[in-house]
Each structure stands twice: as C-alpha cells, then as structure tokens.
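Breakdown of the fold
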Amino acid sequence: MANFPKDFLFGTATSSYQIEGAVNEDGRTPSIWDTFSKINGMTYNGDTGDIACDHYHRYKEDIGILKEIGVKAYRFSIAWPRIFPDRGKFNPKGMDFYKKLIEELLKNDITPVATIYHWDLPQWAGDMDGWLNSECINWYLEYSSKLFEEIGDIIPMWITHNEPWCASILSYGIGEHAPGHKDYREALIAAHHILLSHGKAVKVFRDMNVKNSQIGIALNLTPAYPATETKEDNLAAKYADGFTNRWFLDPIFKGNYPIDMIELFKKEIGEFDFINEKDLSIISQPIDFLGINFYSRSIVKYKEDTLLKGVGVEGTGKKTDMGWEISPESLYDLLNRLKKEYTRIPLYITENGAAFKDIITEDRRIHDQERIEYIKEHLKVSNKFIKEGGNLKGYFLWSLLDNFEWAYGYSKRFGIVYVDFETQKRILKDSAIWYKEVINKAAID
Ligand code: GCO
C-alpha cells in the first residue's frame, strides 16, 4: 500500500474548447480552433468542438460527477473568446458562466484550478497574426488582468499557459494544430511571445496583489533517451530534449535559452532578433508551482539531414491508443531531474492519462483495466518521488470526460467518464470507480 500525504490534491483536468460546445452562445465569437477544425482535412472525420460534451449546458451534472468521484480539485480552462469576443470588448455574460461554474465547484468543496490559455485564441487575434504579433502579449494581459480582477481570489491556483510547446511549435512549426502553419522561425517567435506573456502575467498577478492564490504554468515535458549509447544518438537525444523541454524550462527557471539549441536553430531560423535582452528576466519571474503534463517518453536516433539531427524510434513498451509508449519510469526520471536541475518549488502533475479503445458491455459498463494500470503505475512512481522527499503536491488526471482530442477529433477517448456523443449520456468507467477508491483512501494498493 502506498499512501499519499493527506493534503495531496487528487483532481481531474479538462479544457474549454474540448468540452464546452455552445460556441455561439452568450456572445462568444470563434476561436482559431473553430476556424481550423472547419477546414477540410485538419481534424479526424472533420470533427469540431461545436457541441463537444455540451458541458456549457451540463456543467452542473458534470460537477455532480466530480463530487461522486470525490476529487478534491478540478482543473478547467477559460475560453478567451467568451471573455473578450472582440478586441478590447469585455463580455460579462461570458464571465458569468465561469462564475457559476466556480460557485458550483466551491459549493461541492472542489478546489477550482484555472488555466488562462488552453489554445482557443480568439479568431480576431488570429486575424492579426496571433502569437506572431507581439501585440498579442498585450491582448493576453488585458484578458488575464480582467480574470484576476473578476475571480482572482476565488481561484487558489492559476495556470498562465497550457503547454506552450504545443501552442507554438505544434501550431506554427509542425502545422498539426491551429493555425496550422509550417515555419520554424514562426514557431520560435510564437514560443517567445507566449513565454513573455506568461512572465508579464505573473508580474501583473503580483502587482494586483491577488489574495489567497498562486500562479504557475503547465508544460508538456517528454524525456528523451538515446536509441543506443553512441555519441551521435546521445547528441540527438540532447537536441530532442532541448527542443521539447529545455526550450521552455531554461527561460522560466534559468533566465536563458539553451545555447546549444540557439546554435542549432540559427542556421534554419536566422537571427533571434525577436528576443530582447530584458525579456528573459521577465520570463523568469518566480512562480509558485510548476505544472507537468506527462504522457510518454521519446527515443531518438541520430540522423544528419534533419533539423534536430535525429528521428524518433519506437520503444518496446506497450502503447496507448495514441501510439504513445507507456513509460512511468520516465516520469520518475523527469521528476528527479526537475528537482535536481531546475527547482524546488511545488510540482503538480497537471495532466496524465491515456486513450484506449473503450468497449461498452451489454450492461453499459466500461471495463478499462488498461487505463487503470496506466494511472496506477504513474501514481506509484509519483508516490516514490514523494517518499524520497520530492515536492509533488497533486495529480490531475487527464481527463474527466471523453472529449474533442484536437486533430484526432472524437476518435480518441481519454476520459474516466464515457461520453456517448449521440445522446450526451455520461457513464462512469471502471477507472473512475477505481480512482474514487484511491482518493478516498489517499493510497494505491
Ligand atoms: C495536450 C492537452 C490536452 C490533450 C491531452 C491528450 O496535452 O495536448 O493539454 O488538451 O487533450 O494532452 O493529448
């Protein structure tokens, strides 16, 4: 039996565009994801978040489910285009939805944890070049300060950004996410502006003296391992690590971008003239906690003629329905590395979970044993890290509900609660029932 500290924050996580639906209601205008998902071929089956889990109308039912599972905290994100449907225009009706949601959570003794930006940039901002435009930082600050003013002190944990790597590199460099550009110079500009907006928002949060509340960021971190012990494969793994992890961790915790990556990117990207000297001291504003979104690891082999001098190779471990190798040991490595190389501030796993092909039995049950195993193994290494003195304070399971999995549409189910997208019926999977036990005992067997 592995026990967790009594105050360990067991939660679940979701994000606005992935669950809310109601895209035209109460003054909301489109986000870049509304636009992107409607372009032919951008998402599986042409799926969009138009209805998603209809959470906008069913939030009370969903909070009832959270209560039933017994979670202590719920991580959700706020849809920017509900709050500022047009440039400079605040929409109180959009804000009301989140006020009601928070009120309902508090009534049920569930701690609200809010992400300010989980990728649904208003289309009006997208039309002015989105994160490529340094003005976007000011729009983001106007939006964040409004949130702090309206609900700052009733949210104990604020997350400025979710996975800046995805919002910049996957979106402006690889082109798999909105707005779907394929230009690495753009990707790094977007990344820099996002990081800078993070640092500036932290500063605003401090200046506004928001009470009873903390602020941090959620990074997607993927440990990279060399395919063999050769010097070349080690170098390739170092670059893969630089690309996904250090490019974000270093500015935030060390106040600089990794030199080896700057050197590597220079040839492809050109000058880094979009970075000013003083930007890095803003980005490295002290934060109160770090959120870690962890799913898998990567294994890399040297390949000369590629940007990162390497390509991914398949690991031998079992895979989830995303094709991601299951590797809880790498989470353990990651936590220890963060502690050793980066920070002693509280850590939270802000996302961890798995998609599997769920089958409903005749009696409408979902025996998702593989998901239970996945979560259990990741909780085990988390527990080991804590027992060894690691400062890990909570775990947010991704996700509460099956939902719109971005480019994969509704084809991948991450929920511990099954959603029948025809009827919007929710069914607790076995994993939800198992998680309830874990939370109740604050322990895993
Ligand atoms: C991300 C996001 C989530 C995803 C989840 C599964 O990591 O991409 O934060 O929105 O749905 O990670 O891929």
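Structure shown above.
Below: a short report on this structure. In this text, all values refer to a predicted model and were calculated from it rather than measured experimentally.

**Thoughts on the overall build of the chain**
In terms of helices and strands, the chain carries 15 helices and 15 strands. What you see for the chain is a C-alpha radius of gyration of 21 Å, in line with the 22 Å of a compact globule of 445 residues. In terms of overall dimensions, the chain has a C-alpha envelope of 60 × 50 × 45 Å along the principal axes. Counting over 445 residues, the chain shows a buried share of 62%. A distance of 4 Å separates the average location of the 55 positive side-chain charges in the chain from that of its 66 negative side-chain charges.

**Comments concerning the site of the ligand**
Contacts to the ligand come from 13 residues, most closely from Gln 18, Glu 163, Tyr 295, Glu 351 and Glu 405. Interatomic distance of 2.9 Å between a side-chain N/O atom of Asn 162 and an oxygen atom of the ligand. Considered on its own, the ligand offers 310 Å² of accessible surface; in the complex 95% of this is hidden by protein. Tallied by class, the residues present in the shell around the ligand amount to six nonpolar, four polar and three charged.

**Regarding the sheet that holds strand E4 (residues 111-117)**
Spatial strand order, E2-E3-E4-E5-E6-E8-E11-E12: eight strands in a closed barrel with parallel pairing. Within the sheet, the average angular offset between the axes of one strand and its neighbour, ignoring direction, is 25 degrees. Pairing of strand E2 (residues 9-13) with strand E3 (residues 73-77), which is carried by three bridges, proceeds in the parallel orientation. Following the sheet pairing, Thr 12 is matched in E3 by Tyr 74.

**As for the nonpolar core**
Counting 151 residues, the largest nonpolar core has Trp 80, Trp 158 and Tyr 435 as the members making the most contacts within it. Of all the elements, helix H9 (residues 184-207) adds the most residues to this core, at 11 residues.

**Re the sheet that holds strand E7 (residues 224-226)**
Hydrogen bonding along the main chain pairs the strands of a sheet, whether they run parallel or antiparallel. A sheet is described by the order of its strands in space; here three strands give the open sequence E7-E9-E10, paired in mixed fashion. The strands lining the two open edges of the sheet, one partner per strand, are E7 and strand E10 (310-313). Neighbour-to-neighbour, the strand axes of the sheet open up by a mean angle of 45 degrees, direction not taken into account. With four bridges connecting them, strand E9 (residues 298-302) and E10 associate as antiparallel partners. Bridge pairing in E10 links Ile 299 to Val 313. Where helix H10 (residues 231-254) meets the sheet, it contacts E7, E9 and E10, and its direction lies at approximately 130 degrees from that of E9.

**Side note on helix H5 (residues 92-107)**
The terminal C-alpha atoms of H5 lie 22 Å apart, and with 16 residues this matches the ideal 22 Å at 1.5 Å per residue to within 8%. All buried positions along H5 are accounted for by Gly 94, Met 95, Phe 97, Tyr 98, Leu 101, Ile 102, Glu 104 and Leu 105. On its buried face, H5 is in contact with helix H1 (16-19), helix H3 (55-69), E3, helix H4 (80-83), E4 and helix H7 (135-151). In the segment just after H5, Asp 109 is the residue with positive phi, at about 60 degrees.

**Describing the pairing of E3**
It is a general feature of regular strands that their side chains alternate between the two faces of the sheet. E3 sits mainly inside the fold: five of its five residues count as buried. Here E3 shows a buried face lined by Ala 73, Arg 75 and Ser 77 and a second buried face lined by Tyr 74 and Phe 76.

**A few points about helix H13 (residues 328-342)**
Given 3.6 residues to a turn, an α-helix orients residues that are three or four positions apart in the same direction. With 15 residues, H13 extends 20 Å from end C-alpha to end C-alpha; this agrees with the ideal 21 Å at 1.5 Å per step. Among the residues of H13, those classed as buried are Pro 328, Ser 330, Leu 331, Tyr 332, Leu 334, Leu 335, Arg 337, Leu 338 and Tyr 342. Buried residues along H13 sit against E7, H10, strand E8 (289-293), strand E11 (347-352), helix H14 (369-387) and strand E12 (392-398).

**Some points on the pattern of salt bridges**
Across all of its chains, the model carries 35 salt bridges by this definition. A salt bridge links Lys 441 to Glu 437, with the shortest nitrogen-to-oxygen separation between them at 3.7 Å. With Lys 441 and Glu 437 both in helix H15 (residues 430-441), this residue pair falls four residues apart, about one helical turn. The class for Glu 437 is partly exposed, based on a relative accessible area of 42%. Within this structure, Lys 238, Asp 241, Arg 246, Asp 260, Arg 337 and Glu 341 form a network of salt bridges that share partners.

**Thoughts on the side chain of Arg 246**
One can find Arg 246 in helix H10. A polar atom in the side chain of Arg 246 sits 2.7 Å from the backbone oxygen of Lys 238. Contact partners of Arg 246, with chain neighbours within four places excluded, come to Lys 238, Asp 241, Pro 251, Pro 258, Asp 260, Met 261, Arg 337 and Tyr 342.

Criteria and thresholds
Residues numbered from 1 in each chain as written. Predicted model: local features only at pLDDT ≥ 70, side-chain atom pairs only at ≥ 80, totals over all residues. Heavy atoms only, no water. Helix = DSSP H or I, 4+ residues; strand = E, 2+ residues; numbered from the N terminus. Rg over C-alpha atoms; globule rule 2.2 N^0.38 Å. Buried < 20%, exposed > 50% of the residue type's maximum accessible area, 1.4 Å probe, protein only. Lys, Arg positive; Asp, Glu negative; His and termini not counted. Charge placed at Lys NZ, Arg CZ, Asp CG, Glu CD. Near = heavy atom within 4 Å. Polar contact = N/O pair within 3.5 Å; in protein donor to acceptor, adjacent residues only side chain to side chain. Areas by Shrake-Rupley, 256 points an atom, 1.4 Å probe, with all protein chains shown as cover. Nonpolar A, V, L, I, M, F, W, Y, C, P; charged D, E, K, R; others polar. Pairing = 2+ DSSP bridges. Axes fitted to C-alpha atoms, helices over the stretch in contact; angles between N-to-C directions. Core = buried A, V, L, I, M, F, W, Y, C linked by side-chain atoms within 4.5 Å. Contact = heavy atoms within 4.5 Å. Expected span 1.5 Å × (residues − 1). Salt bridge = Lys/Arg side-chain N within 4 Å of Asp/Glu carboxyl O.

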